[in-house]
Amino acid sequence: MKPYITLITLGVDDLERSLRFYRDGLGLPTAGIIGQEFEHGAAVFIDLQGGTKLALFARENLAREAGLPVAPPSATEMMLAHNVETREEVDAVMATAAQAGAAVIKPAHDTFWGGYAGTFQDPDGHLWEVALNPQWSEAGGWQ
């Protein structure tokens, strides 16, 4: 398999609440909720870098699509990371997330690996790390 991820889908409990958090709170670009004309089809698509998209999909619809029962959410199954170029950007993103309603799990701090990072949870408990990693290039790879 060629590792080419184009879509990351998060199961959410309240699509409108998640839309408000990501679009209105964090300022991420999206056309809003689409697919409402389809039973079990409403979703939000957020544009990320390089054509990748973040999708928000009702947790029960995600389970239905996969053919699995709805499972209890677990914050420790996965973490999304947003890398920035300065400590000030880490602090600013963390403050924006908190103002938007995120739970700050770990305030920004110096890390053991030489960076600076903080962790928050979105309204559905999904973990996000905001990090300055001095070894990470803007192009998305290690220097």
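These notes cover the structure that comes with them. (Residues numbered from 1 in each chain as written. Predicted model: local features only at pLDDT ≥ 70, side-chain atom pairs only at ≥ 80, totals over all residues. Heavy atoms only, no water.)

## Observations concerning the layout of surface pockets
Then comes step 1: Size it by volume and the second largest pocket reaches roughly 440 Å³.
Then comes step 2: Taken together, 22 residues form the lining of the second largest pocket, with Gly11, Arg59, Leu62, Pro73 and His126 sitting closest to its centre.
Then comes step 3: Broken down by secondary-structure element, the contributors of at least two residues to the lining of the second largest pocket are β1 (7-12) and α2 (59-66).
Then comes step 4: Top element by residues in the lining of the second largest pocket is α2. It accounts for 4 residues. (1 Å grid on protein atoms, 1.4 Å probe; cavity = no way out; pocket = protein on both sides within 12 Å on 5 of 7 lines; lining within 4 Å. Points joined across faces, edges and corners; volume = space filled by probe spheres on them. Helix = DSSP H or I, 4+ residues; strand = E, 2+ residues; numbered from the N terminus.)

## With respect to the sheet that holds strand β6 (residues 103-110)
Then comes step 1: Read from one edge to the other, the open sheet built from 4 strands follows the order β5-β8-β7-β6, with strand pairing classed as mixed. Looking along the sheet, the strands with just one partner apiece sit at the ends: β5 (79-84) and β6. When strand polarity is set aside, the average angle formed by the axes of neighbouring strands in this sheet is 15 degrees.
Then comes step 2: Bridge count between strand β7 (residues 116-121) and strand β8 (residues 127-132): 6 bridges; the pairing is antiparallel. Note that in β8 the partner of Thr119 across the bridge is Glu129.
Then comes step 3: The sheet strands contacting helix α3 (residues 87-100) are β5, β6, β7 and β8, and the helix crosses β7 at an angle near 10 degrees. (Pairing = 2+ DSSP bridges. Axes fitted to C-alpha atoms, helices over the stretch in contact; angles between N-to-C directions. Contact = heavy atoms within 4.5 Å.)

## What to know about the nonpolar core
Inside soluble globular proteins, nonpolar side chains tend to come together where they are buried.
Then comes step 1: One finds Tyr22, Leu54, Leu56, Val90 and Phe120 to be the most contacted residues of the largest nonpolar core, which totals 22 residues.
Then comes step 2: Among the elements that line this core, the one with the most residues is helix α1 (residues 15-25), at 4 residues.
Then comes step 3: The contacts of Phe120, once residues within four sequence positions are left out, are Phe21, Met94, Ala97, Ala102, Ala103, Val104, Ile105, His126, Leu127, Trp128 and Val130. (Core = buried A, V, L, I, M, F, W, Y, C linked by side-chain atoms within 4.5 Å. Buried < 20%, exposed > 50% of the residue type's maximum accessible area, 1.4 Å probe, protein only.)

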